[in-house]
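Here's the letter readout for the chains.
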Number of protein chains: 4
Amino acid sequence: VYRIGIINVTGYIGMEAARLLAYHPEFRLTAVTGRSAAGKRLGEFLPHLGQFDLTITEEIEDSVDAVISALPHAASAEALLPHIQAGTPVADLSADFRLKSAETYAEWYGREHPAPQLLADAVYGLPELHRDDLRATKIIATPGCYPTASILALAPAMREGLIEDDVIVDAKSGISGAGRGLDLKYHYAEANESVSAYGLSGHRHQPEIGQELGLLREAPQPSVTFVPHLIPMTRGILATCYAKLRRDITLERLTALYEDAYATHPFTKVHASSPGTKLTYGTNLCLLHPTVDQRAGRLVVVAAIDNLVKGGAGQAIQCLNLVFGLPEETGLRLPAVYP
Amino acid sequence: VYRIGIINVTGYIGMEAARLLAYHPEFRLTAVTGRSAAGKRLGEFLPHLGQFDLTITEEIEDSVDAVISALPHAASAEALLPHIQAGTPVADLSADFRLKSAETYAEWYGREHPAPQLLADAVYGLPELHRDDLRATKIIATPGCYPTASILALAPAMREGLIEDDVIVDAKSGISGAGRGLDLKYHYAEANESVSAYGLSGHRHQPEIGQELGLLREAPQPSVTFVPHLIPMTRGILATCYAKLRRDITLERLTALYEDAYATHPFTKVHASSPGTKLTYGTNLCLLHPTVDQRAGRLVVVAAIDNLVKGGAGQAIQCLNLVFGLPEETGLRLPAVYP
Amino acid sequence: VYRIGIINVTGYIGMEAARLLAYHPEFRLTAVTGRSAAGKRLGEFLPHLGQFDLTITEEIEDSVDAVISALPHAASAEALLPHIQAGTPVADLSADFRLKSAETYAEWYGREHPAPQLLADAVYGLPELHRDDLRATKIIATPGCYPTASILALAPAMREGLIEDDVIVDAKSGISGAGRGLDLKYHYAEANESVSAYGLSGHRHQPEIGQELGLLREAPQPSVTFVPHLIPMTRGILATCYAKLRRDITLERLTALYEDAYATHPFTKVHASSPGTKLTYGTNLCLLHPTVDQRAGRLVVVAAIDNLVKGGAGQAIQCLNLVFGLPEETGLRLPAVYP
Amino acid sequence: VYRIGIINVTGYIGMEAARLLAYHPEFRLTAVTGRSAAGKRLGEFLPHLGQFDLTITEEIEDSVDAVISALPHAASAEALLPHIQAGTPVADLSADFRLKSAETYAEWYGREHPAPQLLADAVYGLPELHRDDLRATKIIATPGCYPTASILALAPAMREGLIEDDVIVDAKSGISGAGRGLDLKYHYAEANESVSAYGLSGHRHQPEIGQELGLLREAPQPSVTFVPHLIPMTRGILATCYAKLRRDITLERLTALYEDAYATHPFTKVHASSPGTKLTYGTNLCLLHPTVDQRAGRLVVVAAIDNLVKGGAGQAIQCLNLVFGLPEETGLRLPAVYP
């Protein structure tokens, strides 16, 4: 049994990592940090985690076998640095190790990268694309919630050269994706019974999507128009992805292409009909439904995930399973909480 | 004061027409029909309409000055025929008079058009595009809820030749758009906390969008990829529309183009930021937010409406105002119910 | 036409007062204040009120015929004082003038009453109980949202001596009742899919309920156990009220008692079945459903209102109608926004 | 490992039993029935249960070690009869074995009891009250969702003689409690943004509450006024329970009384503050918050559960653990899905 520490357990992603570890037979949560709540019992601050017998500390004090960080970018790399230097495997849920280029990081995050020398060692934590590399790394750059859905939706078509290098991702996210901070936009009375787009002048998840799709083929990075939307629900992302087809394809062939692409991946599945996000509630699943608008010659793929699980904490655990040589789905075969 | 009859007041669009007429100083609701509820007092069947002193009948019995039909397609044209023949102005909220071509109708609705000889007399009830014709018609083909948002979002750019003739509409709708019929999909426990796409093999609102956008310029109808989504909320549509730009344009120029296009239209406004549908709750507004993805050379326009008002009953009343020579906004200047 | 000023238009109750005035034929909104937004156009700060051509100011600068205050308690009395001294009718939506006793005020609000000399002149703004007095006052103490529902539910039975002087109010409120301030409790992701009780050690609306029920009969104030609950919806209060019967009564007699009690009151109605709050959405209605648990010898009355309208801004306008000698329902006959 | 069969897996309670069994180390789901879906793969009909390799059948065909029935009353006893006669332990989630008296059953359910001879062998499946008996029975009468919360909230006070024998339960339930059947009341657009009471003329869960509370002390059954409410959320019950105190008690003593009463029960806990139902989402927990209205001399206890887990399928599994001599919490230590 490996001892796991979570840095910043008090945000939605951090507490979800703790929740999921309750099901894991090989990982044991032994340390949790959180600045505002340091000194409190975990179950006192987060009652739903009361079954863990732990006190929140400022830093991870005792030795652990792996660290999951749910800090914001920059702070995360900083906090992980000593663990990385000590040779401890880490799963970073911030953006710090996702982009291969420190320049792109600086452009989108408005500051120098805190540890550019480590970027080459980090592996983008999407097992469907980088499973072998993940088995060999100690720095997991867990993808953002939007990129997980978007890349899984488009990767098989992009790799096959089926689509133009100009894609659109129209993504719909539940409000937990915005985090636990307070803002009038997330006040129940403002967010309920309303849908809105945001990030129209550019969202930080866009370069990740471009980078990973670009690695799938020998050509410049595709152009990505990415528009996220806020949906009146707590959890879930639905990404509807559009791209012009470069050649005709039947729905049967397309479905087969996607099924083949993910045949060996336990959590990413082609769904026979258009999936609702509820089918992934609380799970590490990504449900895909590829289809063709034959009139317009366009690929349309829908991807549904739970933004906090496959879009965050679950994926981090999936990657850690690989790092430790465990079966990929260990502790993650959870049926959706439905309805 | 004009006497108005509503056919099929018992569905969401019909009852919304009645609700809105309560505010209208020149229209008086004098007749309501509904098969299942015939014989009942309106306020008994629909308590929120109890202030109307009316009994639901099977057919409109007394003379009225205009008829609003909220029946499903085919049934609607049939029920309106005698009124049309009697010279009474009608606003049809079904699809029966929207498409100019009886062939296209047959193709999408799977049956012969019930009154093809009347198609030439009907005017598509979008005042922003057909205001003058609406003043002169007696057959209003009120647009569908999705086309209203989609066409208003794209019309200025399409008319100017700013965009390619290949557009994408990713639309998000509250569940009242699906009507009052029972289906497991609309059961609260199934629809809540879930988003899903539907109509991926083609939705009947697509040809309307193509037809109306095609009329704006001398060229074949544009190709339209239209994907509607079900959102866990009661009212509201947000249409996010995408098209490749044919030439560069600054955000300032684009905004000015849209403001000019709708300067004389009281309900369609350019919104300074990305609007939430809640800002249109219960109103006849369409809020537009045009923007440019400069990296991808793409126009992105967001449109927000209340699907039952500007996307249905409100628009029908707006058109009837024009038919009767009243100021367009008569009875419709309702601030949103916010929050 | 009377000119109305709203103090603190930027909270939910203040903005709702503005929204409702858009429908009022005899009242015109001519001044709006709000500290944080002073200097901004009303429609810029609150887009749904864009049809008002007004700038938010720090204080009401121009002469008005009546003032509605939506400030918190203490601040409200202070801001209203100059208007009261100038002889301008005021409708206070805070708690400042609701309790007859300055001692009770001090006990529940933890501070001396800011203007105890005015308490005798104020009238509790519940027209169903104090209509004649309201026609003769210039200080309206608009009731809290919970007391409106609770008192209307219990008054007929209490006045008749039908029930013991020990009542329970179990109230369920939408989240707009908590105001527009930020708190983790009202974050969408925390409030959604959850119900909770609060104020279990005493809620400030309790003494109002006791005071008003006590005035209905010659006896000490009844004991009131009042437990409010937070419900995952934006608007609406449902108050379920319980009291032991002092004598047997049939359901028919009980219904008649309630119908008689409110026969001349346009907004408070006995509803034939158990009402959902949605039937009052956006309206000034109070829907009552009195019933008897014959096994237990207990009265059970359900009351449904919109907390921001009959529970706040609408009731203030209803009272101002009385003050100005207008028909009570002027500008308030709005059918519910349903669904 | 014991083989478990679920009768009527297609309703919400049945499918929840299947979901929970996925976590159970000693129970294996080996048979599922469902009339409408017979012949289909479980994952085809209920995609969130796709990880079970099972086909839905009309009846349980192969030998199982225990049966869980989620059929409606009457049908359930009928379907369970052969299994009971074969000596197989059964957990019935319908009302058929809950009431000790066949007369009371006939009165509330409008028909003769289908197997009155078995009533004496059945044990009411609330381990907090009947743990020892459950270890020795083969017929588990799993309580209704409302009674679970209500009885657990009131039992310690009732057993101690702390309260009068006249209690009120004001219960708030998410809509999954109404089952998966179609009804306009549960249409999303009707149920959303609305709260309503129902069952005001008597709800079938009332006699269960009276029976079980009555067994706790030597006196006639207490009088129970029970009013359920429909809340716009999917899962969760909050029961707010009221009773007059027979003697003074401090909050500290009361809290200690409740903590002692449930000290050895793993799922029922005194919560330090008023709990939201979300803290029980997807779990077998019952969170209690007892308090005193000292002014009125009244006990007020709030209980929160997940209606489908502790209020249904989870409790059935908890009881089966006892029947099979397993630790009570086996397979049920699931942290809440929060947020």
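Look up a bit, the structure's there.
Residues numbered from 1 in each chain as written. Chains lettered and ligands numbered in written order. Predicted model: local features only at pLDDT ≥ 70, side-chain atom pairs only at ≥ 80, totals over all residues. Heavy atoms only, no water.

### What to know about a nonpolar patch on the surface
Link 1 in the chain: Together, Leu182(A), Leu182(C) and Leu184(C) line one region of the surface with nonpolar side chains, adding up to about 240 Å² of accessible area.
Link 2 in the chain: Tracing the backbone shows Leu182(A) in the loop between strand E8 (163–173) and helix H7 (188–191).
Link 3 in the chain: Its relative accessible area of 44% is what places Leu182(A) among the partly exposed residues. (Patch = residues over 30% accessible without salt bridge, like charges linked within 9 Å, V, L, I, M, F, W, Y side chains within 5 Å. Areas by Shrake-Rupley, 256 points an atom, 1.4 Å probe, with all protein chains shown as cover. Salt bridge = Lys/Arg side-chain N within 4 Å of Asp/Glu carboxyl O. Helix = DSSP H or I, 4+ residues; strand = E, 2+ residues; numbered from the N terminus. Buried < 20%, exposed > 50% of the residue type's maximum accessible area, 1.4 Å probe, protein only.)

### Focus: the relation of the copies chain C and chain A
Link 1 in the chain: If you rotate chain C by 180 degrees and push it 0.0 Å along the axis, it lands on chain A with an RMSD of 0.0 Å. Given the turn and translation reported, the copies of this chain are related as if by a two-fold rotation axis. For chain C, the residue whose C-alpha comes nearest the rotation axis is Tyr188(C), separated from it by 2.1 Å. (Least-squares fit on C-alpha atoms with pLDDT ≥ 70 in both.)

### Here we look at the pattern of salt bridges
Link 1 in the chain: On inspection of all chains with the given rule, the structure shows 68 salt bridges over all chains.
Link 2 in the chain: Of the charged contacts, one joins Lys172(B) and Asp170(B) as a salt bridge, the two residues approaching to 2.9 Å between their closest N and O atoms.
Link 3 in the chain: You can call Lys172(B) buried: its relative accessible area is 0%.
Link 4 in the chain: Put simply, Arg180(B) and Glu190(D) hold a salt bridge, and the shortest N to O gap is 2.9 Å.

### Structural notes on unusual backbone geometry
Leaving glycine out, the prevailing phi sign among residues is negative, and the prevailing peptide bond configuration is trans.
Link 1 in the chain: Put simply, Tyr338(A) and Pro339(A) share a cis peptide bond, and its omega is 5 degrees.
Link 2 in the chain: Relative to the elements of secondary structure, Pro339(A) occurs in the segment after helix H10 (309–323).
Link 3 in the chain: Positive phi is not limited to glycine here, since Asn8(A) has a value of about 70 degrees.
Link 4 in the chain: As for its position among the elements, Asn8(A) is in the loop between strand E1 (2–7) and helix H1 (12–21).
Link 5 in the chain: We note that Ala74(B) has phi near 75 degrees; this positive angle belongs to a residue other than glycine.
Link 6 in the chain: Following the sequence through the fold, Ala74(B) ends up in the loop between strand E4 (66–69) and helix H3 (75–85).
Link 7 in the chain: Looking at Ala74(B), the relative accessible area reads 4%, which means it is buried.

### Concerning the side chain of Arg217(D)
Link 1 in the chain: Within the secondary structure, Arg217(D) sits in the loop between helix H8 (206–214) and strand E10 (223–230).
Link 2 in the chain: Leaving out residues up to four positions away in the same chain, Arg217(D) has contacts with Met158(D), Asp165(D) and Pro222(D). (Contact = heavy atoms within 4.5 Å.)

### Description of the sheet that holds E1(A)
Residue and element names in this part refer to chain A.
Link 1 in the chain: If you walk across this open sheet you meet the 7 strands as E3-E2-E1-E4-E5-E7-E6, and the pairing is parallel. Single-partner strands in this sheet number two, and they are strand E3 (56–57) and strand E6 (123–124).
Link 2 in the chain: Of the pairings in the sheet, the one linking E1 to strand E2 (residues 27–33) comprises 5 bridges and is parallel in character. Pairing of Arg3 across the sheet is with Arg28, part of E2.
Link 3 in the chain: Taken strand by strand, helix H3 (residues 75–85) contacts E1, strand E4 (66–69), strand E5 (90–92) and strand E7 (139–141), and its axis lies near 170 degrees from that of E5. (Pairing = 2+ DSSP bridges. Axes fitted to C-alpha atoms, helices over the stretch in contact; angles between N-to-C directions.)

### Points about the packing of aromatic side chains
Link 1 in the chain: Taken as a whole, this structure holds 26 aromatic pairs over all chains when the rule is applied.
Link 2 in the chain: Aromatic side chains Tyr23(B) and Tyr23(C) sit 5.0 Å apart centroid to centroid with 25 degrees between the ring planes, which places their arrangement in the stacked category. Of this pair, Tyr23(B) sits in the loop between helix H1 (12–21) and strand E2 (27–33) while Tyr23(C) sits in the loop between helix H1 (12–21) and strand E2 (27–33), each in a different chain. Both residues of the pair, Tyr23(B) and Tyr23(C), belong to the buried class. (Phe/Tyr/Trp six-rings, centres within 6.5 Å; stacked < 30°, edge-to-face > 60°.)

### A short note on the sheet that holds strand E8 (residues 163–173) of chain D
All names here are of chain D.
Link 1 in the chain: With mixed pairing, the 7 strands of this open sheet are ordered in space as E9-E10-E8-E11-E14-E13-E12. For this open sheet the edge positions go to strand E9 (196–197) and strand E12 (268–270), each flanked by a neighbour on one side alone.
Link 2 in the chain: Relative to strand E13 (residues 286–293), E12 runs parallel, the two being bridged by 3 bridges. The partner of Val270 across the bridge, within E13, is Leu288.

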